[in-house]
Amino acid sequence: MHRLINQLVVYRRLPQDGILAELADVCAKADRLGYDFATAEEEREELKGQVLSALNRLLDLATGYGFDGNLWQSYVAFLLATTETPFTLVCEKHGAGEGSVNLLAQNDLDIFRQLLHYDFTPLERALKLTTLSAVSHYQAVAKAERIYNKSVSDKVQELSRLLAEAETGDAMFNVVTDFYRRYGVGMFGLNKAFRLSPKAEDGTELLEAITTTGDIKLSDLVGYESQKKRLRANTEAFVEGRRANNVLLYGDAGTGKSTSIKAILDEYYDRGLRMIEVYKHEFRYLSRIIAAIKNRNYRFIIYMDDLSFEEFEIEYKYLKAVIEGGLEVKPDNVLIYATSNRRHLIRETWQDRPDMLTEDMHQTDTVQEKLSLAGRFGLSIGYFLPKQQEYFDIVKTLARRHSEITLTDEELEAGARRWEMSHSGISGRTAQQYVNSLLSGGV
């Protein structure tokens, strides 16, 4: 195995601390000993520990991605699906083109074909293990989709199945390049959403995938039809490569602003939309994030939830520079969608009024600086609290989606009225909480 990996060219930069590297190291040591551990019991136990450590990591990966069946082949497919190289990134944009690199890639993929069908039997016998064979027909415990990213799991296992059927390096080449063209490569190709990595500070890893994003549709949000229509039209233009605006969703709490943006991601993910969640204390990383995504073959929405600033907070200056005003133009494949309970994002006081006397000699300029941030969102969409009858309609629509709720309309309205009086008032969120309580038997 170690000899095979050393022959890689295009895919040479595989993780050195990965499962493949660890098992290759074990195989290399076993080769040197001729798979004879009769007089090397200590070495056998050491290598057995390495194998079990690698299998533990393989099981962790399988659990995180919901892999089933032949876990080793799923892992090899996962490596091919996530390894970013100049070759794989070009295939992501244009598919397999012409060039000498194709021959090198075909040779590499023939090596991966051998790795895919690698026979661990001699190693198992030498180390007196049976666990390596067990992962070739693994039966995973059934789990809810919210625990793992089903989209990633399905794609990787489809790739694994097609690779197992490929009989030559050429066939492997066609399978893999077609996969890159259809789905992309690496973290951005397989996942919907991302956040700043804890390792961003030391520069080792900027973003990490959010693997459980839920499954929300715009139709799940009752009402707000004109708002959803405007949001959908802007996003539609964006994913089609037409001109589109940064979007600010503002208004009352609990009205569905965040839900609308999450639903947009689910609706347009298959058309190349990706989302990166950034909080205001992370705005200093915005330039690095944009630099990392500007040349990828996806459309990225940088999502900022519950955006607002107090007078003493200056992070908004980073955002202003990124949206419009810096020397580097924001790339065409990036938009910013934000939600806020404040129309103008930055807290205003009575002292900001032009008729108030303050120590600021250029008070109007200060106010304009605060207002200019919201003005840089080309599309502002207001979400406001429903009237009482609209609130009742939301409750009834949500309740009728669940056959176990058998209350009449009059009973639902009476219960919804009592609920909102003892909770946070009339809103879509309050309506959903009331329905959740009915489903739990708490009302």
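Residues numbered from 1 in each chain as written. Predicted model: local features only at pLDDT ≥ 70, side-chain atom pairs only at ≥ 80, totals over all residues. Heavy atoms only, no water.

Trainee: What am I meant to see in helix H19 (residues 428-440) here?
Mentor: Think of an α-helix as 3.6 residues a turn; residues three or four steps apart then line up on the same face. If you check H19, its first and last C-alpha atoms are 18 Å apart, about what 13 residues at 1.5 Å a residue would give, namely 18 Å. Buried within H19 we find Gly-428, Thr-430, Ala-431, Tyr-434, Val-435, Ser-437 and Leu-438. In this structure, the buried side of H19 is in contact with helix H17 (388-399) and helix H18 (409-422). With a side-chain oxygen lying 3.3 Å from the backbone nitrogen of Arg-429, the N-terminal cap of H19 falls on Ser-427. Just past H19, the residue Gly-441 takes up positive phi, approximately 80°. (Helix = DSSP H or I, 4+ residues; strand = E, 2+ residues; numbered from the N terminus. Expected span 1.5 Å × (residues − 1). Buried < 20%, exposed > 50% of the residue type's maximum accessible area, 1.4 Å probe, protein only. Contact = heavy atoms within 4.5 Å. Polar contact = N/O pair within 3.5 Å; in protein donor to acceptor, adjacent residues only side chain to side chain.)

Trainee: Whenever I open this one, the side chain of Glu-124 confuses me. Can you help?
Mentor: As for its placement among the helices and strands, Glu-124 is situated in helix H7 (residues 121-127). No salt bridge is formed by the buried Glu-124. Its closest oppositely charged neighbour is Arg-125, at 7.2 Å. If near-sequence neighbours (up to four positions away) are discounted, Glu-124 is found in contact with Leu-129, Thr-130, Thr-131, Leu-132 and Ser-133. (Lys, Arg positive; Asp, Glu negative; His and termini not counted. Salt bridge = Lys/Arg side-chain N within 4 Å of Asp/Glu carboxyl O.)

Trainee: Looking at this model, I keep getting lost on the sheet that holds strand E3 (residues 247-251). Mind explaining?
Mentor: To summarise the sheet geometry, strands pair through backbone hydrogen bonds and adopt either a parallel or an antiparallel arrangement. The strand order E2-E1-E4-E5-E6-E3-E7 describes an open sheet built from seven strands, whose pairing is mixed. The open sheet has two edge strands with one neighbour each: strand E2 (207-210) and strand E7 (379-383). Each strand of the sheet is rotated relative to its neighbour by a mean of 25°, with strand direction disregarded. Taken together, the four bridges between E3 and strand E6 (residues 334-340) define a ladder with parallel strand orientation. For Leu-248, the partnering residue across the bridge sits in E6 and is Ala-338. Sheet strands touched by helix H12 (residues 225-239): E3, strand E4 (273-277), strand E5 (299-304), E6 and E7. Its angle to E7, the strand with the most contacts, is close to 150°. (Pairing = 2+ DSSP bridges. Axes fitted to C-alpha atoms, helices over the stretch in contact; angles between N-to-C directions.)

Trainee: In this structure, what is going on with the pairing of E3? I would like to understand it.
Mentor: Within a regular strand, side chains alternate between the sheet's two faces. Counting buried residues along E3, five of its five residues qualify, which places the element largely inside the surrounding structure. Residues Val-247, Leu-249 and Gly-251 line one face of E3 and the alternating positions Leu-248 and Tyr-250 line the opposite face, and both faces are buried. Pairing of E3 with E7 involves five bridges; the strand directions are parallel. Counted as the bridge partner of Leu-248 is Ser-380 from E7.

Trainee: What is the right way to read H12 from this model?
Mentor: For H12, built from 15 residues, the straight-helix expectation of 21 Å at 1.5 Å per residue is met to within 8% by its first-to-last C-alpha distance of 21 Å. Every buried residue of H12 is listed here: Gln-227, Lys-228, Leu-231, Asn-234, Thr-235, Ala-237, Phe-238 and Val-239. Those residues of H12 that are buried lie in contact with E3, helix H13 (257-268), E4, E5, E6 and E7. Within two residues after H12, Gly-241 carries a phi angle of roughly 85°, on the positive side.

Trainee: Whenever I open this one, the nonpolar core confuses me. Can you help?
Mentor: A general feature of soluble globular proteins is that nonpolar side chains tend to end up buried together. With 59 residues, the main nonpolar core has Met-1, Tyr-11, Leu-20, Val-51, Phe-112, Leu-123 and Leu-163 as its most contacted residues. A per-element tally of this core places helix H4 (residues 71-82) first, with nine residues. Filtering out sequence-adjacent residues up to four positions away, Leu-123 remains in contact with Val-26, Cys-27, Ala-30, Tyr-35, Val-51 and Leu-132. Phe-188, Phe-194, Leu-248 and Val-334 belong to the second largest nonpolar core, which has 28 residues in total. (Core = buried A, V, L, I, M, F, W, Y, C linked by side-chain atoms within 4.5 Å.)

Trainee: Is there a simple way to explain the pattern of salt bridges in this structure?
Mentor: Pairs may arise between side chains of opposite charge once their charged atoms sit close together. Counting across every chain of the model gives 22 salt bridges. Two residues, Glu-46 and Lys-29, come together in a salt bridge whose shortest N-O distance is 3.8 Å. Taken together, the residues span a long stretch of sequence, with Glu-46 in helix H3 (residues 41-65) and Lys-29 in helix H2 (residues 19-32) at a distance of 17 residues. Its relative accessible area of 22% is what places Lys-29 among the partly exposed residues. Of the charged contacts, one joins Asp-110 and Arg-113 as a salt bridge, the two residues approaching to 3.1 Å between their closest N and O atoms.

Trainee: Is there a simple way to think about unusual backbone geometry in this case?
Mentor: Excluding glycine, residues mostly carry a negative phi; peptide bonds, for their part, are mostly trans. Phi is positive for Lys-128, close to 60°, though the residue is something other than glycine. Tracing the backbone through its elements, the reader meets Lys-128 in the loop between H7 and helix H8 (131-134). A residue is classified by how much of its surface remains accessible, and Lys-128, at 62% relative accessible area, is exposed. Located in the positive-phi region is Tyr-224, a residue other than glycine, with phi close to 55°. Relative to the assigned elements, Tyr-224 resides in the loop between E2 and H12.

Trainee: Help me understand the confidence of the model for the protein chain, please; the structure alone is not making it clear to me.
Mentor: Low-pLDDT stretches of the model should not have their predicted coordinates read in fine detail. With 86% of its residues at a pLDDT of 70 or more, the protein chain shows a mean pLDDT of 83. At the level of individual helices and strands, the protein chain shows its lowest average pLDDT in helix H16 (residues 363-375), which scores 58, and its highest in H12, which scores 95. pLDDT under 50 marks residues 349-353. Its contacts with residues more than four places away, or in other chains, come to 10 contacts. (pLDDT = per-residue confidence, 0-100.)

Trainee: What is the right way to look at the pairing of E7 in this model?
Mentor: Among the five residues that make up E7, five are buried, leaving the element largely enclosed by the rest of the structure. With burial as the criterion, each face of E7 is covered, one bearing Leu-379, Ile-381 and Tyr-383 and the other bearing Ser-380 and Gly-382.

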